[in-house]
Amino acid sequence: MDNTSTDWQHRASCRDQDPELFFPVSEVGPGAEQVQRAKAVCGSCPVRSECLAYAQSNGLDFGIFGGLTPDERRKSARRARRTTASTGAQSSTARQ
């Protein structure tokens with residue numbers, strides 16, 4: 001687990017919410033409504049980016065963090081890796 005400061009958690013919009021809201025059993029059916037309610041809380045959160053970074057750096061595979069579902073976080077991480085790889089390949093080619 002990442003040992004960086006988690007002081008941001010005290011400013012999170014979710015701190016007074018039922019934690020189960022952010023851990024839906026499914027993203028379909030009744031779970032879809034729960035996901036939307038959790039994302040609505042995240043939408044106005046002042047520490048949304050810190051929350052997302054924490055989830056990504058610690059490999060959290062469950063729950064809504066930073067307004068993203070686990071699947072959305074995985075897709076975001078893949079996009080970031082592709083962009084980084086693409087940028088690295090371009091700058092390597094430019095140096096030649």
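Preceding block: the structure.
Just so you know, these numbers come straight off a predicted model, no measurement behind them. (Residues numbered from 1 in each chain as written. Predicted model: local features only at pLDDT ≥ 70, side-chain atom pairs only at ≥ 80, totals over all residues. Heavy atoms only, no water.)

**Things to note about the overall build of the protein chain**
Rules: Helix and strand labels come from DSSP, where a helix needs a run of H or I of at least four residues and a strand needs a run of E of at least two; each type is numbered from the N terminus. Note on contacts: a residue pair is in contact if any heavy atoms of the two residues lie within 4.5 Å.
Per the secondary structure count, the protein chain includes three helices and zero strands. Written out in order from the N terminus, the α and β elements of the protein chain read α-α-α. Of the contacts formed within the protein chain by residues at least 6 apart in sequence, a portion of 47% connects residues at least 24 apart.

**Details of helix α1 (residues 30–43)**
Counted only if it meets this: The length a helix should cover is 1.5 Å for every residue beyond the first.
Between its terminal C-alpha atoms α1 stretches 20 Å, which fits the 20 Å expected from 14 residues at 1.5 Å a residue. Where α1 is buried, its residues meet α2 (48–57).

**Let's talk about the side chain of R73**
Filter applied, for reference: Partly exposed describes any residue whose relative accessible area lies between the buried limit of under 20% and the exposed limit of over 50%, with all areas from a 1.4 Å probe on protein chains only and scaled to the type maximum. Positive: Lys, Arg. Negative: Asp, Glu. His and the chain ends are not part of the count. Salt bridges are identified by distance alone: a Lys or Arg side-chain nitrogen within 4 Å of an Asp or Glu carboxyl oxygen. Contacts described as polar in this section are N or O atom pairs within 3.5 Å, which, within protein, must combine one atom able to donate a hydrogen with one able to accept it, while residues neighboring in sequence count only if both atoms come from side chains.
Note on placement: R73 falls in helix α3 (residues 70–95). Look at R73: it is buried, it has no salt bridge, and the nearest opposite charge is D61 at 6.2 Å. Within the structure, R73 has its side chain in polar contact with the backbone oxygen of L68 (distance 2.8 Å). In this view, R73 contacts L52, A55, Q56, L60, D61, F62, G63, I64, F65 and L68; residues no more than four positions away in its chain are not counted.

**Some thoughts on the packing of aromatic side chains**
Two aromatic rings, taken as a pair, are described by how far apart their centres are and by the angle between their planes. The criterion, for reference: Each pair of aromatic rings taken from Phe, Tyr and Trp, with Trp reduced to its six-membered ring, is defined by centres within 6.5 Å and is described as stacked if the planes are under 30 degrees apart, edge-to-face if over 60, and tilted in the remaining cases.
On inspection of all chains with the given rule, the structure shows two aromatic pairs. On the basis of an interplanar angle of 80° and a centroid distance of 6.1 Å, the ring pair of F23 and F65 is categorised as edge-to-face. Residue F23 is found in the segment before α1, and its partner F65 is found in the loop between α2 and α3; the two are separated by 42 residues along the sequence. Accessibility expressed as a relative area gives 44% for F23, which makes it partly exposed. Exposure remark for F65: the relative accessible area of 16% places this residue in the buried category.

**A look at the nonpolar core**
Short version of the rule: What is meant by a nonpolar core is a set of buried Ala, Val, Leu, Ile, Met, Phe, Trp, Tyr and Cys residues, joined one to another through side-chain atoms within 4.5 Å.
Counting residues in each nonpolar core, the largest one holds eight residues, listed as W8, A12, C45, V47, C51, Y54, A55 and F65. Discounting chain neighbours no more than four positions away, the residues touching V47 are W8, R11 and A12. The next biggest cluster of nonpolar side chains, apart from the first, holds seven residues, and it includes F22, V41, C42 and I64.

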